[in-house]
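Given next are the chains, with one letter for each unit.
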Amino acid sequence: MTMLLLLLACAPENEAKKGDSFQESAGGDSVELPDGSSSYSGSSGRDGTLQIPIHIEKDNSVVQVSVVRPDGGLLSTEYFYDTDGTALLDWEEWYDSPYSLTDAIYVYDNLTTTNWPVRIEDGLLKEGDYILSVATVNKNYNYQGDIPVEATIMQRVEKDPTEGKLKIVVAYATGLAEDPVVSTAVEAGVERWKEIYAATGVAMEVRYTSIDVDPALPDSAPGQDGYKSFYEELTEKEVVVVIGDLIANDRWLYGEAGGVPGALVASNRSVVGVSWITCAGADGEFSSGDVEMLAETMAHEVGHYLGMYHPVEDGYEYWDALSDTVECKSQSACEDKLGKNLMFPYPICETQTRCNQQTELSENQAGVMNLYLGVE
Amino acid sequence: MFFLLSMAVAGDLRHMLSQRDGVSCRELGEATPELRDGLLALTGPEELPSSVPMGATSCLIERFPADPLVMSTLQGWMGQKERAGQALVVVSMLGQVEASWRVPLALGALSQEDPAWRERMRVRLVKVPGLEGIEPLLSEPVVAAQK
Ligand SMILES: [Zn+2]
């Protein structure tokens, strides 16, 4: 996150039995949009669940569905069903698991984003009719029925899950684009970031602009209205990286992603926030090591946005759901085995001299990145 | 004994403040003198990773916004070149500081030698409430010729 450590309990009053939801009729209205995506509007049933029909077109194999509650209430994704009714994603399998696959299953706010497949081992989609089941809940996390929701469904071809192109827009908070200390370091950091991602087959196309928000950024989640209105102006599927002074609503951090995975639709948290001053450090000037820290921070946080978790969480009791990132169980073992990984939860430094580079990514981590809908 | 305790606290704090995605200042523990001293021990500009001195500064402001020892320590280095980044953090969070300390800290930031840093401080200070007494210092952009 910045990972959204949002393990809020979903304690339904009238929990639906697994599989029941698939039998229920979806209803609602689907509309094809000019850019190839489609929208769906419907309401949850009396049981607080809604089955959204997802038709995967011929040759397409990756989908991202973002579902929003216009009333601002809470929702989450419960299941993603294959064409034959098999649950590809079952929230109950992952909810109390020490392994993390997607934040979509957690109740956080009025947005839930599912990108499928997450991992190469999840298998590509094929032409046919899938179902995404979402739950609308109240503030006590009990199911809440008859709630309107709107979904945006995007899909694409995946010819080769080892390569793709990612579009990034770097947006400077008010005044920072005109500060050469910041812009010079960010541009150098982006070039370094491109090198880090190139090793995974992800080529980056980057453009720079400004966003009219205060440089003292709020947490990327819940974010702010300014992020939503900025995203509404975008004409392409870009990941937005906002450069600010700091992100300091009761947290202190290098950077923070607005979701794992992040959405490619307008919302208050459709951004990755990065604090330039935290990377620059106490003197506020960028040494070469500080530029590396900035590059790795942008790469790490966007890595979350693309769907990657830390290979191990600090505490060493929770891991990502990838088979080729070691399941280490102590600080020393994890630093030894995973300390050079880009997604390791903290930089490892020789006190007061230098920090080690963290740029490695496993084959399966690269797979997650390449299967993100925005990596085309 | 107290020194050793502070060192142990500082070790845990260093790890917590090293997290790439951050830690809530509230998660650092109760706002005790031990936490304060542990955080103060980590504000040295040479500390790595850089989130350690920066986060320690931020959490001192959030958790001890009226503590005379904290505020006087911050005031003591607001004008130092090697602390310009930390001073910018203080300026960005100045609205959280107890009102009587805002003007002294702002004046410290505006005493940075480099005009580019003074200007960075100024544009952020104009948004901070409670600096009415030094408005003239904030009204005009800092240019090199004024050095
Ligand atoms: Zn992270």
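Attention shifts here to the overall build of chain B. A count of helices and strands for chain B gives 8 helices and 1 strand. Relative to a compact globule of 147 residues, whose C-alpha radius of gyration would be 15 Å, chain B shows 16 Å and is just as compact. Taking the principal axes of the C-alpha coordinates as reference, chain B spans close to 50 × 30 × 25 Å. The buried share among the 147 residues of chain B stands at 54%. In chain B, the share of contacts with a sequence separation of at least 24, taken over all contacts with a separation of at least 6, comes to 66%. Accessible area of chain B: about 6200 Å², with a carbon and sulfur share of 60%. The distance from the centre of the 14 positive side-chain charges to the centre of the 18 negative ones in chain B is 6 Å.

This part covers the pairing of strand E14 (residues 239-244) of chain A. Regular strands place side chains that alternate from one sheet face to the opposite one. Residue and element names in this part refer to chain A. Along E14, 6 of the 6 residues are buried, which leaves the element largely enclosed by surrounding structure. Burial along E14 is two-sided: Val 239, Val 241 and Ile 243 facing one way and Val 240, Val 242 and Gly 244 facing the other are all buried. Bridging between strand E11 (residues 164-172) and E14 involves 5 bridges; their strand directions are parallel. Looking across to E14, one finds that Ala 171 is bridged to Val 242. Bridge analysis of E14 against strand E18 (residues 272-275) gives 4 bridges, and the strand direction is parallel. Bridged to Val 241 within E18 is Val 272.

The next thing to look at is the state of the cysteines. One covalent bond between the sulfur atoms of two cysteine residues makes up a disulfide. Residues and elements named next belong to chain A. This structure, assessed with the given rule, holds 3 disulfides over all chains. Residue Cys 279 stays outside any disulfide, its sulfur separated by 11 Å from that of Cys 355, the closest cysteine. Overall, Cys 279 belongs to the buried group, its relative accessible area being 0%.

This part is about the confidence of the model for chain B. Detailed reading of predicted coordinates is not advised where the pLDDT is low. All names here are of chain B. Considering every residue of chain B, the mean pLDDT works out to 90; 90% of them sit at 70 or more. Put simply, helix H1 (residues 2-17) is where chain B has its lowest mean pLDDT, 68, and helix H4 (residues 68-77) is where it has its highest, 98. Segment residues 1-5 is flagged for pLDDT under 50; beyond a separation of four residues in sequence, or across chains, it makes 3 contacts in the model. For this predicted complex, the interface confidence reaches an ipTM of 0.92, while the overall pTM sits at 0.93.

All right, on to the nonpolar core then. Core analysis: the largest hydrophobic core is formed by 110 residues, its most contacted members being Tyr197(A) and Ile243(A). Grouped together as the second largest cluster of nonpolar side chains are 30 residues, Val65(A), Trp94(A), Trp116(A) and Ile131(A) included.

Take the interface of chain A and chain B next. Taken together, the contacts link 47 residues of chain A with 36 residues of chain B. Carbon and sulfur atoms make up 51% of the surface buried where chain A meets chain B, a total of about 3200 Å² over both sides. Counting across the chain A and chain B interface gives 4 salt bridges. Between Lys127(B) and Asp214(A) there is a salt bridge, and its shortest N-O distance comes to 3.2 Å. There are 20 residue pairs in polar contact (both at pLDDT 80 or more) connecting chain A and chain B. Contributions of two or more residues to the side of chain A that touches chain B are made by strand E16 (251-252), helix H5 (276-280), helix H6 (288-305), strand E20 (349-350) and strand E21 (354-355) of chain A. Looking at which element gives the most residues to the side of chain A that touches chain B, the answer is H6(A), with 6 residues. Per-class residue counts for the side of chain A that touches chain B are 21 nonpolar, 14 polar and 12 charged.

It is worth spelling out the sheet that holds strand E8 (residues 111-116) of chain A at this point. All names here are of chain A. The 5 strands are arranged E1-E2-E10-E4-E8 in an open sheet whose pairing can be described as antiparallel. Looking along the sheet, the strands with just one partner apiece sit at the ends: strand E1 (29-32) and E8. Here the average twist between neighbouring strands, direction ignored, is 15 degrees. Pairing analysis gives 4 bridges linking E1 to strand E2 (residues 38-43), with the strands arranged antiparallel. Within E2, the position partnered with Asp 29 by the bridge is Ser 41.

Before going further, it helps to examine the domain arrangement of chain B. All names here are of chain B. Taken domain by domain, chain B holds domain 1 (1-64) and domain 2 (66-147). The gap between the C-alpha centroids of domain 1 and domain 2 is 22 Å. Of the roughly 1300 Å² buried at the junction of domain 1 and domain 2 (both faces included), carbon and sulfur atoms supply 72%. Taken together, domain 1 and domain 2 are joined by 1 salt bridge. With a closest N to O distance of 3.1 Å, Asp 67 and Arg 36 form a salt bridge. Applying the counting criterion to the domain 1 and domain 2 interface returns 6 residue pairs in polar contact (both at pLDDT 80 or more). When residues of the side of domain 1 that touches domain 2 are assigned to their parent elements, the largest contribution, 7 residues, is made by helix H3 (residues 51-63). Within the side of domain 1 that touches domain 2, the residues separate by chemical class into 7 nonpolar, 4 polar and 3 charged.

This part covers the packing of helix H2 (residues 33-41) of chain B against H4(B). Residues and elements named next belong to chain B. Following both chains from N to C, one finds H2 and H4 inclined at 10 degrees, their axes separated by 11 Å at the closest point. Between H2 and H4, the interaxial angle falls into the category roughly parallel. Between H2 and H4 the crossing geometry is left-handed. In contact with Arg 36, Asp 37 and Leu 40 of H2, H4 contributes Leu 69, Val 70 and Thr 73. Here the residues of the contact of H2 with H4 sort into 3 nonpolar, 1 polar and 2 charged.

Definitions and cut-offs
Residues numbered from 1 in each chain as written. Chains lettered and ligands numbered in written order. Predicted model: local features only at pLDDT ≥ 70, side-chain atom pairs only at ≥ 80, totals over all residues. Heavy atoms only, no water. Helix = DSSP H or I, 4+ residues; strand = E, 2+ residues; numbered from the N terminus. Rg over C-alpha atoms; globule rule 2.2 N^0.38 Å. Buried < 20%, exposed > 50% of the residue type's maximum accessible area, 1.4 Å probe, protein only. Contact = heavy atoms within 4.5 Å. Areas by Shrake-Rupley, 256 points an atom, 1.4 Å probe, with all protein chains shown as cover. Lys, Arg positive; Asp, Glu negative; His and termini not counted. Charge placed at Lys NZ, Arg CZ, Asp CG, Glu CD. Pairing = 2+ DSSP bridges. Disulfide = S-S within 2.5 Å. pLDDT = per-residue confidence, 0-100. Core = buried A, V, L, I, M, F, W, Y, C linked by side-chain atoms within 4.5 Å. Buried area = accessible area lost by both parts, 1.4 Å probe. Salt bridge = Lys/Arg side-chain N within 4 Å of Asp/Glu carboxyl O. Polar contact = N/O pair within 3.5 Å; in protein donor to acceptor, adjacent residues only side chain to side chain. Nonpolar A, V, L, I, M, F, W, Y, C, P; charged D, E, K, R; others polar. Axes fitted to C-alpha atoms, helices over the stretch in contact; angles between N-to-C directions. Domains from an automatic or database assignment. Parallel < 35°, antiparallel > 145°, perpendicular 65-115°, else oblique. Left-handed = near helix turned anticlockwise from the far one by under 90°.

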